[in-house]
Amino acid sequence: METRQQDFLDSEPLREADEDMASEINLNNCLLTEEEREELQQQLAKLEEEISTLRQVLSSKEKQHAELRQKLGVGSLSELRNNLSKGWHDMQTSTAYKKTSDTISTAGQKTSVAFTTLGSAITRKFGDMRNSPSFKSFEEKVETTVSTLKTKVGGAETGGSFEEVLSSAANASSQDTPTNNLTDGSERP
C-alpha cells in the first residue's frame, strides 16, 4: 500500500482527460474483496431496515403522543400560554428585570417627591402673592367695582351677596328688553 501512495505522490498532476477516466473507475471496488463487499452490502441492508423500523416506531409514538395531549386538553394554544407564562416568570426573576424595576421604582418615588415639593412651593407662592400689596390693591379695586355695580343695579340697596346682585341684574335687564309677540311660531329666532 505504501508503494501505491508513493507512486501517487510522485506522479504528475492529472489533466482533464485523466480526471474523466478516473471518475469512471470505482476505486472502492478495486480495493475490496468479494466477501468484504457482500458483508458491507448486508450491513447496509440491515441499517436501512433498522432505520425503516425506527421511523415506524417514531411515527407510532408521535401519534400516541398527540392522542394523549388531545385527551388531556393540551393543545398548541395552552402550550403557548404556558410558554409565555414561563417566559414572563423567567424574565421577572432575571437580574436585569429586577435592576430595571428597582430603578424605575426609585425614579417614581423621586418624581413623586419632586411634584409634592413643587405643589407646596406653588401653594406658598400663591399665599405670598395674595398677601402682597399688589394683590391687596387689585382686590380693593374689584370690591369697589362690585360695590358700584350693586349700587347701579340694585338702586340704594347695597346689601346682598354677589350672586344676588347678578340675579337682580339679570332680572332688570330682562324687564328692559321688549318681548316678541309673534303670530307664527316658526319665525322665532
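Residues numbered from 1 in each chain as written. Predicted model: local features only at pLDDT ≥ 70, side-chain atom pairs only at ≥ 80, totals over all residues. Heavy atoms only, no water.

### Description of the overall build of the protein chain
Stage number 1. Of regular secondary structure, the protein chain possesses eight helices and zero strands.
Stage number 2. Reading the protein chain from its N terminus to its C terminus gives the helix and strand order α-α-α-α-α-α-α-α.
Stage number 3. Classification of the 189 residues of the protein chain by burial places 3% in the buried group.
Stage number 4. Carbon and sulfur atoms make up 56% of the accessible area of the protein chain, which totals about 17400 Å². (Helix = DSSP H or I, 4+ residues; strand = E, 2+ residues; numbered from the N terminus. Buried < 20%, exposed > 50% of the residue type's maximum accessible area, 1.4 Å probe, protein only. Areas by Shrake-Rupley, 256 points an atom, 1.4 Å probe, with all protein chains shown as cover.)

### Let's talk about the pattern of salt bridges
Stage number 1. For the coordinates displayed, the defined rule picks out one salt bridge.
Stage number 2. Of the charged contacts in the structure, one is a salt bridge between Lys86 and Asp90, with a shortest N-O distance of 3.0 Å. Taken together, the positions of Lys86 and Asp90, both in helix α5 (residues 76-92) and four residues apart, correspond to about one turn of that helix. (Salt bridge = Lys/Arg side-chain N within 4 Å of Asp/Glu carboxyl O.)

### Focus: the packing of aromatic side chains
Ring pairs (aromatic) are described by centroid distance and by the angle formed between their planes.
Stage number 1. Taken as a whole and judged by the stated rule, the model has one aromatic pair.
Stage number 2. Seen in terms of ring centroids, Trp88 and Tyr97 are 6.3 Å apart; in terms of plane orientation they differ by 70°. Their pairing is edge-to-face.
Stage number 3. Given a relative accessible area of 47%, Trp88 falls into the partly exposed group. (Phe/Tyr/Trp six-rings, centres within 6.5 Å; stacked < 30°, edge-to-face > 60°.)

### Structural notes on a negative patch on the surface
Stage number 1. Taken together, Glu34, Glu35, Glu36, Glu38 and Glu39 make up a surface patch of like negative charges.
Stage number 2. Considering the arrangement of structural elements, one finds Glu35 in helix α4 (residues 34-72).
Stage number 3. According to the relative accessible area criterion, Glu35 is exposed, its value standing at 68%. (Patch = residues over 30% accessible without salt bridge, like charges linked within 9 Å, V, L, I, M, F, W, Y side chains within 5 Å. Lys, Arg positive; Asp, Glu negative; His and termini not counted. Charge placed at Lys NZ, Arg CZ, Asp CG, Glu CD.)

### Let's talk about the confidence of the model for the protein chain
Stage number 1. Here the protein chain shows a mean pLDDT of 76. Residues at 70 or above account for 69%.
Stage number 2. The lowest-confidence element of the protein chain is helix α1 (residues 2-10), averaging 50 in pLDDT; the highest-confidence one is α4, averaging 93.
Stage number 3. Within the model, pLDDT remains below 50 along residues 180-185, and this stretch shows two contacts once partners closer than five positions in the same chain are excluded. (pLDDT = per-residue confidence, 0-100. Contact = heavy atoms within 4.5 Å.)

### Some remarks on a nonpolar patch on the surface
Stage number 1. Together, Phe115, Leu118, Ile122, Phe126 and Met129 make up an exposed nonpolar region whose accessible area comes to about 530 Å².
Stage number 2. Relative to the elements of secondary structure, Phe126 occurs in helix α6 (residues 95-130).

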